[in-house]
Amino acid sequence: MKQLQIAIESTTLANGLKVVIAPDTTAPVVTVGVYYKIGFRLEPRGRSGFAHLFEHMMFQGSANASKTQHIKLINSSGGVLNGSTHYDVTNYYEAVPSNALERVLWLEADRMRALKVDDENLRNQRDVVKEEVRVNVLNQPYGGFPWLDLPPVAFRNWANSHNFYGDFTDLDAADLADVFTFFKTYYVPNNAVLLILGDVKPEEGFALAKKLFADIPAGPTPPFADPTEPEQNEERRGNVEEKFGTLPAMAIGYVVPKRRTADWCAMALLDQALHGGRAGKLYRELVLEKQVAVELDGGIDDIFGYNGPTQMVTRIMHKPEYSSEQTLAAFDEVIREIQENGISEDELAQLKVKWQSDFVSLLESGHGGMPRYGLMHLLACFTLFDNEPQLVNSILDGFLAVKREEVQAAARKYLVKEKRAIVFRTPTASSAKEAA
Amino acid sequence: MATRAVEVNSAVPALSAERQVTWPKRQKARLSNGLEVILVESHTIPKFHGELFFRSGNAAAIDRGPGVAEMTATLVRTGTTKRASRQIEEDLRRIGADLASSAGSDTSAISFAGLSDFAEPLLGMVNELARDAAFPEAEFERERRQKLEEVKLDRTQPGFLAGERLRKVLFGAHPYGVVSPSEAQVAAYKRDDLLGVYRDFYTPENGMLLLVGDFQPDAMLKSVEKVFGAWQGKKPLSSVFAAPANPRGRRVHLVHLPGAVQTQILAGCHAITRKHPDWVKLGLTNSLYGGAFNSRLVMNIREDKGYTYSPRSGVNPLRQYGYFSVSAAVRNDVVAASLTEIFYEMDKLRSLPVPEAELADAQNYLSGVFSMGLATQNGLLSQIAVVALNELPEDYLETYRQKVRAITPTDLLETARKYLDSANMQIVVVGDRAQIESQAALFGDLEVYDAQGKRLG
C-alpha cells in the first residue's frame, strides 16, 4: 500500500479556535465536527457523569436556536447529528448534504458562543441520561463490563477511576450553575477544534469559519487536573456481581505506555498479535484450541483518542466448568509464551499489513449513519493532543518500523502482573439458577 | 404533548443550491455458471468491500431446525478441504482482510473487505469457503457448544426478548416467527444437516457477488471469472409456507424478567415489503412518527417528557412480509404513560393531515440521509445490496428522492391509516412483572411469559 496522502489544511483563528479541513468531493456530503478538549476523565469531583450530562445540555438550546431547533434544523436539512463524551474529548458532529454547510457551522458557532438552557431542560436531560444508563448498564447483562468495572480497580487517581457514566446521586446534585461554570471553563474556542470534511473547498470553509466563529471571545486557558497515576507495583483485583448474565466473565487490563513513543508502537502490534480477531493468540488458544472461553476479545480501545492513562484490556467469558483461576492460568500461559518466544518475522509481517488495512478502514468508518467519523476523530485528537493534524498521513510509519525484538521486549516490560488489574464479573446465584 | 412555541430565528443561514447527487454506474454480469456479479467503483480508500449472497437463509432451512442456516454459515469459515481453521485466519491477516459469514431469515452471506493490492487472494478465499468448506467434526462440536451459551445469554437481554416475542406473535408458525433456536434445538443440530444446507444453498445459481471499491471494473471482472468461473451448482427448490395470520385486536405480551430496573416496550403490526408500491410512503410516515431524532415520538417522550433515552420506530422488511414496530426502554413507573403517548402520536398521524412545513422537513431528511451512502465504500455496498437482493427497479437509487418529494399530506394520511395499525398493534413489554403488569394490562388482554418462552399466565 502506498503512503497515505489525505489532503488536510489547517489554521488557527485569532481566538484560538483551530480549524481543520479535509476536502473530498466524492459525494455531495459534508461532515462537520466540533471537539472540545474535555472529557469525563477531568470532570469536576463530586460530579461524576457530569461531562456526559453536559454533552446532552448542548442540544437543549443556544442564544439564537431554542430547544429542539438544533435537531430540527439539521434533520430538515437532510442530515444527522449526535455527540459523544470520551475520556479526554467531547464531540458534536453532523453529516449533511453540502448545501447545508453554512447552516451547520452557524449552529455550532451559536452554541459555542452562548448556551441558553434552563432548569426544566436540565431535569429533562437528567431523566433521559438515567434511562441511558439503565438501558446500557443497569438493565443489561454485563452492562458496563468492563469499561465501568475496571477503572476503579485499576487506578488510584480519581480522574481515572471514577464512574464516568455518573452515580445517580451526583447526577441529581448537578445544577444549572454547574452547567454554566463548566461551559465557561472548558467550552471556549481556544480549547476546541472545528473540523470540516468532505464536499468543501478549503478557502470557502476557512472563510465561513472566520465569519461565524471569529467573534467568539477566547477564555482563560482551562485548568486541567493532573491525571498521572502513582506507580503501580502490585496486581489489583476486584469483583462485580452479574445480575442477569449466565456466564462467568473477567477482564484483565495492562497499563499502556505513553502515546507516541516507540514502546507505544510496539505495544500496539503486541496488542494485534494477542487480540487481532480469530488469528490473535488469545482467541486461538482460549476459544479455538483449549476451549476454555466462549467469547474473548479486547485490545487498546481507540488507541489514538487518549491523552492520559489507559489500558490494554482482554475481555473473557468462559465456560462455567472452568474456574476463574483455571481460565486466568490459560490466559497467563499465552502471555508467558509470547514473553519467552516473541513472534516470528512472518507473523510480524502479517500484523503490519493488517494494522495498515485496519487504519485505512478506520478513516472511513461511520457512526450513527455518519460517513468518515473515523477520519474526523483522528484529525481532532491529533490536533488537540499533538497540534499536528497531518499525523494522519504519517502516524503509520512508527508502527511499520517496529521490530520483532521490540514486540517481545514490550511483552516482557508491560505484560507483568504488578502492572495489571483484573475484574471478575460473576453471575449471582439467582441468575445462574434461572438459566439452568 | 405540551408543545413549546418554537420559532426559527431569522439569522439561520438558508440552504445554498443543492449539488447533484450522482450514483455510480453498476456494472452487471452473469457468469456462465449463473453467478450474478455487480461491480461498482469507489476510490475513497485503497480497499474494496464485498459480499457474496445466497438467496436462502434460516427460513428456507427451517425443516432442518431453527437457525441451521446461521450455524452452517458459522462453520463455513472453520475449515476447508485445503486449509485448516488456523491457516484460514492467518491467511486473511496476511492480506489485511476481514471476513464474516452469517445468515439471516432470507439470505446467507460471506462478507469481506480487504486491500485492493490483494484482491485476488481474498476472492480466492471467498471462493474456497463457498465451495470447499469441510465442516470439521471437532469445529462443529465446539461451535455448537458456543452457540448453546450464546442462546442462553441472548435470553437475558431485554431487547432480544422483546424482538423474539414480537416475531412470534406476528408470524406464529411461519419461519419468520422464530428468531433463535432453543437450547434443546441447538443440542439437536446435526453436522449432516449443515452439510445439506451448504450443498443446497451455496451455489452459483443461488448466488450474487457484489464488489464495491478501489478497482478497475473490467480487470476485476476478469479476476472474478478466473476465480469463480469453474464453480457449478443449481438453484435450490424454493420453499413455500402458509401465510401467517395477521393478529387482530390489541394484545399485551409481557415477558417477565425478574429484577429488571427498566421496561423494554416493543409494539408492532404487519406491514409491507420493499417491493410494495407504498414502501417509500411508509418510510416517510415512519420518519415523521418515530424514525428520526426530529420525529414526533422522540420529541414527545424523550425531549418533552424524559421517559426514555432512545425511542425509535422502524419498518422491518423481510423478503415475504414486512412489519412496522416502535420501541422504547422506559422507567418502570411510566410504562402506561409511554404507551399512551405511543398510541397518541400514532392515532394523530392517522387522523390529521401533516402540516406542509413538517412534511417538507421530513422529505428533506429522508432524501438527504439516503445519499450519505455515496460517501463510503461500505455505505454504497449496503445501498446496492438492498436494490439487488429485493429485485427493485434498476433506477431505484436515482428515482428515490423524486418519489419522496412527490408525497402529499393526503398520501401520508392514507399510509398511516393502512399501516400504523393502532387498533391491532401487538404490545410486548419486557420487565419485572410485579412492577408493570397492572400498567400494561390497561392496553389489552394480557399474556405473561418467562424468558424461555413458557406461558406463565
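From a predicted model like this one, the values you see are computed outputs, not experimental measurements.

Let us look at the overall build of chain B. Each helix and strand counted, chain B has 16 helices and twelve strands in total. Its C-alpha atoms give chain B a radius of gyration of 24 Å, near enough to 23 Å, the size a compact globule of 457 residues would have. By principal-axis analysis of the C-alpha atoms, chain B measures approximately 65 × 60 × 40 Å. The 457 residues of chain B split such that 51% are buried. Within chain B, residue pairs in contact and separated by at least 24 positions form 80% of the contacts whose partners lie at least 6 positions apart.

This next bit is on the overall build of chain A. Scanning chain A from terminus to terminus reveals 17 helices and eleven strands. Taken over the C-alpha atoms alone, chain A extends approximately 60 × 50 × 40 Å along its principal axes. Here chain A, with 436 residues, has 55% of them falling under the buried criterion. Taking all contacts inside chain A whose residues are at least 6 apart in sequence as the whole, residues at least 24 apart take part in 80%.

All names here are of chain B. Taking strand neighbours across the sheet as the criterion, the six strands line up as β1-β2-β6-β3-β5-β4 in an open arrangement whose pairing is mixed. Each edge of the open sheet is held by one strand with a lone partner, namely β1 (27-30) and β4 (98-103). Averaged over all neighbouring strand pairs, the angle between strand axes comes to 15°, with direction disregarded. Relative to strand β6 (residues 207-213), strand β2 (residues 36-41) runs parallel, the two being bridged by six bridges. Residue pairing across strands places Ile38 opposite Leu210, the latter belonging to β6.

We now examine the packing of helix α9 (residues 279-291) of chain B against helix α10 (residues 296-304) of chain B. Residue and element names in this part refer to chain B. Where α9 contacts α10, the two axes come as close as 5 Å, and the packing angle between them is 5°. Considered as vectors, α9 and α10 are oriented roughly parallel to each other. Contact residues: Leu288, Tyr289 and Gly290 in α9; Arg296, Leu297 and Val298 in α10. Each residue belonging to the contact of α9 with α10 can be placed in one class, and the counts come to four nonpolar, one polar and one charged.

What follows covers the packing of helix α11 (residues 281-289) of chain A against helix α12 (residues 324-341) of chain A. If you want to describe how two helices pack, look at the angle between their axes and the distance between the axes. All names here are of chain A. Two numbers describe how α11 lies on α12: the axes approach to 10 Å, and their chain directions differ by 145°. Note on packing geometry: the crossing formed by α11 with α12 is right-handed. Side by side, α11 and α12 meet where Lys281, Leu282, Glu285 and Leu286 of the first sit next to Ala330, Phe331, Val334 and Ile338 of the second. For the contact of α11 with α12, the residue count by class is six nonpolar, no polar and two charged.

Okay, the nonpolar core next. Formed by 272 residues in total, the largest nonpolar core has its most connected members in Leu194, Leu195, Leu269, Leu286 and Leu379 of chain A together with Val429 of chain B. The element that contributes the greatest number of residues to this core is helix α14 (residues 373-386) of chain A, accounting for nine residues.

The next subject is the interface of chain A and chain B. Listed per partner, the contact involves 67 residues of chain A and 69 residues of chain B. For the side of chain A that touches chain B, the elements supplying multiple residues, two or more each, are α2 (69-75), β5 (90-97), α3 (101-113), α4 (119-138), α11 and α13 (345-364) of chain A. Class assignment for the residues of the side of chain A that touches chain B results in 27 nonpolar, 25 polar and 15 charged.

Our focus in this paragraph is the sheet that holds strand β7 (residues 251-256) of chain B. All names here are of chain B. Across the sheet, which stays open at both edges, the six strands sit in the order β9-β10-β8-β11-β7-β12 with mixed pairing between neighbours. Here the strands that pair on one side only, and so sit at the sheet edges, are β9 (312-317) and β12 (445-449). Direction aside, the axes of adjacent strands within the sheet are offset by 20° on average. Note: strand β8 (residues 263-270) against strand β11 (residues 426-431), five bridges, orientation antiparallel. When the bridges of β11 are listed, Ile265 appears paired with Val429. Along the sheet face, α9 touches β9 and β10 (322-330) and points at about 155° away from the line of β9.

We now examine the domain arrangement of chain A. Residues and elements named next belong to chain A. For chain A, the assigned domains read domain 1 (9-213) and domain 2 (236-362 + 376-435). The centre of domain 1, based on its C-alpha atoms, is set 29 Å off from the matching centre of domain 2. On the side of domain 2, 28 residues touch domain 1, which itself brings 28 residues to the contact. Sorting the residues of the side of domain 1 that touches domain 2 by element identifies β2 (18-23), β3 (29-36), β5, α5 (150-154) and β6 (192-198) as the ones contributing at least two each. For the side of domain 1 that touches domain 2, the class distribution of residues is 17 nonpolar, six polar and five charged.

Residue and element names in this part refer to chain B. When the domains of chain B are assigned, the result is domain 1 (27-228) and domain 2 (251-449). One C-alpha centre belongs to domain 1, the other to domain 2; they are set 29 Å apart. The set of elements that each furnish at least two residues to the side of domain 1 that touches domain 2 consists of β2, β3 (47-54), α5 (158-171) and β6. By residue number, the principal contributor to the side of domain 1 that touches domain 2 is α5, which donates nine residues. Split into classes, the residues belonging to the side of domain 1 that touches domain 2 amount to 15 nonpolar, eight polar and four charged.

Here we come to the pairing of strand β4 (residues 80-85) of chain A. Note: β4 of chain A against β5 of chain A, six bridges, orientation antiparallel. When the bridges of β5 of chain A are listed, Leu81 of chain A appears paired with Glu94 of chain A.

Turning next to unusual backbone geometry. In this model, Phe145 of chain A is joined to Pro146 of chain A through a cis peptide bond whose omega is -5°. As for its position among the elements, Pro146 of chain A is in the loop between α4 and α5. Phi at Tyr142 of chain A is positive, roughly 60°, even though this residue is not glycine. You can see Tyr142 of chain A is positioned in the loop between α4 and α5. Its identity is not glycine, yet Glu391 of chain B carries a phi of approximately 50°, on the positive side. For Glu391 of chain B, the position within the fold is in the loop between α13 (377-389) and α14 (396-405). Judged by C-beta crowding, with 11 C-beta atoms within 10 Å, Glu391 of chain B ranks as exposed.

All names here are of chain B. Looking at chain B, the pLDDT average stands at 96 and 98% of residues meet or exceed 70. In the model, residues 1-6 has pLDDT below 50 throughout and makes seven contacts with residues more than four positions away in sequence or in other chains. Confidence estimates for the predicted assembly give a pTM of 0.96 and an ipTM of 0.95.

Bringing α3 of chain A into the picture now. An α-helical segment advances 3.6 residues per turn. Residues three or four places apart therefore align on the same side. All names here are of chain A. Here α3 spans 18 Å end to end across 13 residues, near enough to the 18 Å set by a 1.5 Å rise per residue. Across the 13 residues of α3, eleven count as buried, placing the element largely inside the fold. Within the span of α3, buried status applies to Leu101, Arg103, Val104, Leu105, Trp106, Leu107, Glu108, Ala109, Asp110, Arg111 and Met112. Residues of α3 that are buried make contact with β3, α2, β5, β6 and α9 (202-213).

Procedures and definitions
Residues numbered from 1 in each chain as written. Chains lettered and ligands numbered in written order. Predicted model: local features only at pLDDT ≥ 70, side-chain atom pairs only at ≥ 80, totals over all residues. Helix = DSSP H or I, 4+ residues; strand = E, 2+ residues; numbered from the N terminus. Rg over C-alpha atoms; globule rule 2.2 N^0.38 Å. Buried ≥ 20, exposed ≤ 12 C-beta atoms within 10 Å, placed from the backbone. Contact = placed C-beta atoms within 7 Å. Pairing = 2+ DSSP bridges. Axes fitted to C-alpha atoms, helices over the stretch in contact; angles between N-to-C directions. Parallel < 35°, antiparallel > 145°, perpendicular 65-115°, else oblique. Nonpolar A, V, L, I, M, F, W, Y, C, P; charged D, E, K, R; others polar. Left-handed = near helix turned anticlockwise from the far one by under 90°. Core = buried A, V, L, I, M, F, W, Y, C linked by C-beta atoms within 7 Å. Domains from an automatic or database assignment. pLDDT = per-residue confidence, 0-100. Expected span 1.5 Å × (residues − 1).

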